[in-house]
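# Summary of the model geometry
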Amino acid sequence: WLKRKATRALHPDPCWKRAEHCRGAMSSTLIWECIKGNSSFIRKSTNMPIMSAEKGNLCSLNSFKFSGLSNAQVFDISSTKKGSNEKIVITTRHSKASRAHRPGSMLLQSGLQKHTKKGLAQVKKATEGSFCRRDLLELAEKKYQKVKTSFKKKKLVFKSRRAGK
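Summarised in this report is the structure supplied together with it. Because the structure is a prediction, the values reported are computed rather than measured.

### A few points about the overall build of the protein chain
Of regular secondary structure, the protein chain possesses five helices and five strands. Listing every helix and strand of the protein chain by position from the N terminus yields α-α-α-β-β-β-β-β-α-α. The long-range fraction of contacts in the protein chain, counting pairs at least 24 apart against all pairs at least 6 apart in sequence, stands at 43%.

Next up, the structure:
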């Protein structure tokens, strides 16, 4: 009975366990208005658009459409390297509302096939199928192609000393 009294004393609000209670307080437009000019992810340079380094931002632009912090639905394609292993990864937001305020588990990452036909099918399924960001399909396909071509290494050409003779 002591543990119950201590818990009630620390949390007078009866809804303290529910994440929906906290998430419903702020809309995505309000969050965007707060972070659009003041964010640690903003990268500014002269004669360039304002860029953003946040996870979940498909084009790395500082805009509401691509923001990974303020949008409820996040989509990004990126590459990860672990040792000599390179992977293409899709980043989406967790579907459970209880994960909304947990920065470590808010975003989900799943791998993509490197085979072009299968990889583009996975991107299409993620945007049009279960996911709701159909507006980002064309940009996601272009970024998939760019990430895939970034894995190609330049081959070193060695000239033979005997070839000229």
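### Some thoughts on the pattern of salt bridges
Following the criterion strictly, the structure yields four salt bridges and no others. A salt bridge links Arg133 to Asp135; its shortest N-O distance comes to 3.3 Å. Residue classification places Arg133 among the buried residues on the basis of a relative accessible area of 9%.

### A word on the side chain of Ser70
Among the secondary structure elements, Ser70 is positioned in the loop between strand E2 (51–52) and strand E3 (75–82). Looking at Ser70, its side chain comes within polar contact range of the side chain of Ser67, at 3.1 Å. Not counting chain neighbours up to four residues away, the residues in contact with Ser70 comprise Ser28, Ile31, Trp32, Ile35 and Phe64.

### Points about the sheet that holds strand E4 (residues 85–93)
Ordered in space as E3-E4-E5, the three strands form an open sheet in which the pairing is antiparallel. Only two strands of the sheet have a single neighbouring strand rather than two, namely E3 and strand E5 (107–112). Taken pair by pair, the neighbouring strands of this sheet meet at an average axis angle of 35°, ignoring direction. Where E4 and E5 come together, six bridges link them in antiparallel fashion. What sits directly across from Ile90, in E5, is Ser110. Helix H5 (residues 137–150) rests against E3, E4 and E5 of the sheet, and its axis sits at about 15° to E3.

### Examining the pairing of E3
Regular strands have side chains that alternate between both faces of the sheet. Across eight bridges, E3 lies against E4 in antiparallel orientation. Across the sheet, residue Ile77 finds its bridge partner in E4, namely Ile90. Two successive antiparallel strands, E3 and E4, enclose a turn made up of two residues, where Gly83 displays a positive phi of approximately 70°.

### Description of helix H3 (residues 28–35)
All of the buried residues along H3 are Ile31, Trp32 and Ile35. Buried positions in H3, seen along its axis, are confined to an arc of 100° and lie on one side of it.

How each quantity is defined
Residues numbered from 1 in each chain as written. Predicted model: local features only at pLDDT ≥ 70, side-chain atom pairs only at ≥ 80, totals over all residues. Heavy atoms only, no water. Helix = DSSP H or I, 4+ residues; strand = E, 2+ residues; numbered from the N terminus. Contact = heavy atoms within 4.5 Å. Salt bridge = Lys/Arg side-chain N within 4 Å of Asp/Glu carboxyl O. Buried < 20%, exposed > 50% of the residue type's maximum accessible area, 1.4 Å probe, protein only. Polar contact = N/O pair within 3.5 Å; in protein donor to acceptor, adjacent residues only side chain to side chain. Pairing = 2+ DSSP bridges. Axes fitted to C-alpha atoms, helices over the stretch in contact; angles between N-to-C directions. Arc of directions from axis to C-beta.

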